[in-house]
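# Structural description and commentary
Here is what each chain is made of, one letter per residue.
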Amino acid sequence: MSLFALSPLAARLTGSDLLATLRTFSAFTRAAARQQAEQRSELLAIAFGTMVDVFARISIWRSVYHGRQHVAGVTEAEMITYALIGATLLSHWDGALIVREIGKAILSGQIGATLMRPVSFPGALFAEQLGPRLLQFGFVCLPVITILSAVYGIAPPASLGHGLLFLVYIVVSTTLLFLIAIFFGLLSFWVLEAHSLEWFMRGLTALLSGGLVPLWFFPPVLGTVAHALPFAWITYHPMACYLGQNDLLESATLLVGGCGWVAALAIVNHLLWRSASRHVTAHGG
Amino acid sequence: MSLIIQADSVSKIFQQRKRLPGLSGTLRGLLKPETVPVRAVEEISFAIRAGEAVGYLGPNGAGKSTMIKMLTGILAPSTGKVHVLGRQPVEERVANAREIGVVFGQRSQLWWDLPVSDSFDLARHIYRIDPARFAENRAEMVEMLALGSFLDRPVRQLSLGQRMRADIAMALLHGPKILFLDEPTIGLDVVAKDVVRKFLARINRQRGTTIILTTHDLQDIEEICPRLIMVDDGRLLFDGPLRSLRRSFGARRRLRLDFYTDPGPIWIGGARPVGSSGTQREFEVDEDGRSLIDLISALPPGTPLRDASLHEPGIEEVIRTHYQRRRA
Ligand SMILES: Nc1ncnc2c1ncn2[C@@H]1O[C@H](COP(=O)(O)OP(=O)(O)OP(=O)(O)O)[C@@H](O)[C@H]1O
Ligand SMILES: [Mg+2]
């Protein structure tokens with residue numbers, strides 16, 4: 001199908017087809033964003049929750065450093081930046097909610113509403129999640145970063161090159177988080193307990209993405225494994241790039257690695273979805 | 001006229017998780033879930049030509065929604081094949097979805113918190129409708145279904161009747177060849193039902209859109225669908241014009257005779273006595289084409305007949321009798 005389908009069959013597409021697909025995608029995204037914008041109080045609650053969350057993280061790191069210059073070769077200012085940007089731009093989105101959404105859609109039969117439209121199911125889900133996500137970037141993440149960095153300060157990117165790469169890393173991070181969520185979500189076609197899948201994913205992501213604790217604090221073996229798993233590209237690798245932990249070439253190489261994970265997961269999800277749609281059991285109605 | 005929908009010995013068997021009683025049962029269910037097969041659709045075959053309007057009727061749990069889901073590509077048949085516009089819906093779901101419209105009465109396709117018109121705009125992108133054609137189609141729908149007064153209102157504020165009309169309009173914006181409706185009149189009041197029925201009949205006749213609708217309400221079928229498919233317990237019971245249902249179910253007419261005085265036992269050839277009280281006698285009459293006059297003339301001469309009537313059972317009654325007989 002297409003980019004929209006996140007499938008490897010893009011070769012079959014013509015240019016105008018791709019354009020139409022992108023237009024559908026963005027229409028979905030905009031509708032979802034408008035829907036989120038309707039819920040102003042929810043948006044406000046999310047902003048408040050994020051504020052508290054980031055504040056708590058920064059406080060913890062400040063007490064860990066408590067007068068020390070470096071911990072594991074990282075300065076306090078860098079660690080605060082890690083917490084501030086990591087918890088807003090990178091791991092702010094609770095991707096596991098997608099797993100819950102898919103599970104609910106299957107059980108309630110609402111999945112039928114998506115399936116009877118001429119769009120790819122994973123593609124539509126992505127577009128719908130992206131809407132609120134973009135809105136929250138603007139109305140939650142940026143304000144929180146602005147306010148808290150005014151209080152605690154924020155380190156600039158290690159270099160202009162690192163900064164530009166970081167922007168691409170954000171895209172890869174968002175895409176990977178989504179693909180991982182879809183992966184677990186699709187498993188709920190076989191495992192009817194979407195709840196356990198949701199918590200499983202949430203746990204794995206919190207630990208392995210470096211969202212809570214950067215991987216450089218991990219014990220060696222676990223650290224090495226975690227570096228290679230796709231979760232690391234959600235928070236850890238982007239932040240490592242931002243802070244200049246690696247030189248430009250290494251950061252770029254790692255970025256290509258992240259894109260490799262995107263491609264691999266897209267293919268796996270496509271195959272999973274193909275087999276799932278064959279024994280979709282839409283309940284109810 | 002070509003066949004655009006075909007079902008060939010289609011069956012759908014669901015595996016329903018069995019819940020075992022007690023704590024040990026719960027544990028066993030967790031470790032090794034037992035399932036029972038539910039035969040929702042069994043060996044159903046039919047074919048529908050372009051431009052037809054077909055009513056799919058059956059009691060609760062008969063397998064109507066399941067069949068609609070298989071035709072719209074949401075569910076794959078367990079065995080047998082369905083073809084819609086020459087495609088297998090599940091295999092080519094997206095291509096199929098582009099050419100059909102679907103309305104599930106119990107579930108809205110509209111975006112809950114957004115105005116109706118936003119959902120329509122989204123449909124324009126999803127179905128890649130040419131803007132000029134979209135504008136024309138949308139105006140026509142708004143006019144015919146009287147949507148004008150609530151186009152700007154969020155869907156969650158609409159009444160059920162308004163929502164259903166908006167849902168039907170949305171399913172038709174891309175000019176589908178086939179419109180599937182699963183209980184489109186459920187929960188509507190008499191007036192709203194009438195609007196929906198008249199509209200669907202008009203769309204079918206004017207645009208030539210093929211319509212398949214499931215319902216519990218026979219009047220939906222009488223007003224929209226010349227053809228009836230009846231299912232019960234997953235199986236096909238009847239497929240044909242509504243008016244031949246009576247004969248097909250072997251529904252008998254009732255002959256009622258009123259006498260001035262008790263006539264004693266009375267026999268009429270081809271009529272079975274089913275009741276008597278005082279000076280009244282009732283018979284079930286075979287469908288052999290005899291008229292009331294024919295039947296009366298068969299009475300022995302000199303019987304003190306006062307009045308006679310021959311009663312044709314209503315379709316509703318035929319179906320009810322049929323279900324009751326089945327349940328007994
Ligand atoms: N996902 C499912 N898993 C297990 N059994 C199911 C599932 N969906 C439907 N069934 C069963 O299949 C049978 C047919 O269901 P279906 O929804 O097609 O009936 P229906 O004719 O639409 O009924 P109604 O008039 O109540 O809407 C029922 O016995 C139902 O319990
Ligand atoms: Mg139903």
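Criteria and thresholds
Residues numbered from 1 in each chain as written. Chains lettered and ligands numbered in written order. Predicted model: local features only at pLDDT ≥ 70, side-chain atom pairs only at ≥ 80, totals over all residues. Heavy atoms only, no water. Helix = DSSP H or I, 4+ residues; strand = E, 2+ residues; numbered from the N terminus. Buried < 20%, exposed > 50% of the residue type's maximum accessible area, 1.4 Å probe, protein only. Contact = heavy atoms within 4.5 Å. Buried area = accessible area lost by both parts, 1.4 Å probe. Salt bridge = Lys/Arg side-chain N within 4 Å of Asp/Glu carboxyl O. Polar contact = N/O pair within 3.5 Å; in protein donor to acceptor, adjacent residues only side chain to side chain. Nonpolar A, V, L, I, M, F, W, Y, C, P; charged D, E, K, R; others polar. Near = heavy atom within 4 Å. Pairing = 2+ DSSP bridges. Axes fitted to C-alpha atoms, helices over the stretch in contact; angles between N-to-C directions. 1 Å grid on protein atoms, 1.4 Å probe; cavity = no way out; pocket = protein on both sides within 12 Å on 5 of 7 lines; lining within 4 Å. Points joined across faces, edges and corners; volume = space filled by probe spheres on them. Parallel < 35°, antiparallel > 145°, perpendicular 65-115°, else oblique. Left-handed = near helix turned anticlockwise from the far one by under 90°. UniProt positions renumbered as here; feature names shortened; annotations may be inferred. Domains from an automatic or database assignment. Patch = residues over 30% accessible without salt bridge, like charges linked within 9 Å, V, L, I, M, F, W, Y side chains within 5 Å. Areas by Shrake-Rupley, 256 points an atom, 1.4 Å probe, with all protein chains shown as cover.

All names here are of chain B. The residue Phe120 is located in helix H4 (residues 116–126) in this model. Note on Phe120: relative accessible area 0%, which makes it buried. Here the alpha-carbon distance between Phe120 and Asp167, two residues 47 residues apart in the chain, equals 9.5 Å.

Right, let's talk about the interface of chain B and chain A for a bit. Taken together, the 30 residues of chain B in the interface contact 39 residues of chain A. When residues of chain B are sorted by the area they lose upon contact with chain A, Arg93, Arg107 and Trp111 of chain B head the list and together hold 20% of the total. Where chain B touches chain A, the interface holds two salt bridges. Along the contact surface separating chain B from chain A lie nine residue pairs in polar contact (both at pLDDT 80 or more). Looking at the side of chain B that touches chain A, the elements that each hand over two or more residues are strand E1 (3–17), helix H2 (64–71), helix H3 (93–99), strand E5 (100–104) and H4 of chain B. Of the residues contributing to the side of chain B that touches chain A, the split by class is 15 nonpolar, four polar and eleven charged.

This paragraph deals with the site of ligand 1. The full set close to ligand 1 counts 17 residues, and Asn60, Gly61, Lys64, Ser65 and Thr66 of chain B are the nearest of them. At the site occupied by ligand 1, nearby residues are drawn from chains A and B. In this structure, an oxygen atom belonging to ligand 1 sits 2.8 Å away from a main-chain N or O atom of Gly61 of chain B. Here an oxygen atom of ligand 1 sits 2.5 Å away from a polar atom, N or O, in the side chain of Thr66 of chain B.

What follows covers the sheet that holds strand E2 (residues 35–49) of chain B. All names here are of chain B. The sheet built from three strands is open, its strands ordered E2-E1-E4 with antiparallel pairing. Each of the sheet's edge strands pairs with one partner strand only, and the pair in question is E2 and strand E4 (79–84). Taking each pair of neighbouring strands and ignoring which way they run, the sheet shows an average axis angle of 25°. Each of E1, E2 and E4 touches H2; the most contacted strand, E2, lies at about 65° to it.

Bringing empty space enclosed by the protein into the picture now. Going through the model one piece at a time under the given rule, you end up with three cavities of 30 Å³ or more. Space inside the largest cavity adds up to approximately 130 Å³. If you go around the largest cavity, you meet 16 residues; those closest to its centre are Arg117 of chain A together with Gln109, Tyr127, Met170 and Ala171 of chain B. Put simply, the parts of the chain that give the lining of the largest cavity at least two residues each are E5, H4 and helix H6 (160–172) of chain B. The element contributing the most residues to the lining of the largest cavity is H4 of chain B, with four residues.

A separate point is the packing of H4 of chain B against H6 of chain B. Residue and element names in this part refer to chain B. Here H4 crosses H6 at 20°, and the two axes come no closer than 10 Å. Comparing the axis directions of H4 and H6 gives the class roughly parallel. Remark: the crossing between H4 and H6 carries right-handed chirality. Seen from H4, the contacting residues are Val116, Ser119, Phe120 and Ala123; seen from H6, they are Ala166, Ala169 and Met170.

Below, the discussion takes up the UniProt feature "transmembrane region" (unreviewed entry) in chain A. All names here are of chain A. Taken from the UniProt record, the annotation "transmembrane region" (unreviewed entry) applies to residues 134–154, 166–192, 204–234 and 254–273. The span residues 134–154 shows a helical share of 90% and a strand share of 0%, and its end C-alpha atoms are spaced 22 Å apart. With 100% helix and 0% strand, the stretch residues 254–273 has end C-alpha atoms that lie 28 Å from each other.

Under the domain assignment, chain B is made up of domain 1 (3–23 + 36–247) and domain 2 (252–312). Using C-alpha coordinates to define each centre, domain 1 of chain B is positioned 46 Å away from domain 2 of chain B.

Residues and elements named next belong to chain A. The interhelical angle for the contact between helix H7 (residues 160–187) and helix H8 (residues 194–208), taken along N-to-C directions, is 150°, at an axis separation of 9 Å. Relative to H8, the element H7 lies roughly antiparallel. Judged by the sense of rotation from one axis to the other, the crossing of H7 with H8 is right-handed. Contact residues: H7 offers Leu177, Ile180, Ala181, Phe184 and Leu187, while H8 offers Leu197, Phe200, Met201, Leu204 and Thr205. Looking at the contact of H7 with H8 residue by residue, the class counts come to nine nonpolar, one polar and no charged.

Taken as a whole, the largest pocket holds about 1,300 Å³ of empty space. Taken together, 35 residues form the lining of the largest pocket, with Gln35, Glu101, Glu128 and Gln129 of chain A together with Trp111 of chain B sitting closest to its centre. At the level of secondary structure, the elements contributing two or more residues to the lining of the largest pocket comprise helix H1 (15–38), helix H2 (40–65), helix H4 (96–108), helix H5 (111–115) and helix H6 (121–152) of chain A. Residue contributions to the lining of the largest pocket peak at eight residues, all from H6 of chain A. Classifying every residue of the lining of the largest pocket gives 15 nonpolar, eleven polar and nine charged.

Another point: the side chain of Gln35 of chain A. Mapped onto the elements of the fold, Gln35 of chain A is located in helix H1. At 3.4 Å, the side chain of Gln35 of chain A and the backbone nitrogen of Asp113 of chain B are in polar contact.

What follows is about a nonpolar patch on the surface. Residues Leu160, Leu164 and Leu167 of chain A make up a contiguous nonpolar surface patch of roughly 340 Å² in combined accessible area. By secondary structure assignment, the location of Leu164 of chain A is in helix H7.

What follows is about the pattern of salt bridges. Note that side chains of opposite charge can pair when their charged atoms are close. All names here are of chain B. Here the structure, examined in full by the defined rule, presents 24 salt bridges over all chains. Close ionic contact of Glu42 with Arg235 constitutes a salt bridge, the shortest N to O distance being 3.1 Å. Taken as a pair, Glu42 in strand E2 and Arg235 in strand E9 (residues 235–241) lie far apart in primary sequence, 193 residues in all. For Arg235, a relative accessible area of 43% gives the class partly exposed. Across the salt bridge formed by Arg197 and Asp217, the nearest N and O atoms sit 2.9 Å from each other. One end of the pair, Arg197, is in helix H7 (residues 190–207); the other, Asp217, is in the loop between strand E7 (210–215) and helix H8 (218–224), with 20 residues separating them in the sequence. Asp217 matches Arg197 in its accessibility class, with the two residues each being buried. If you follow the salt bridges from partner to partner, you end up with Arg87, Glu92, Glu99 and Lys177 in one network.

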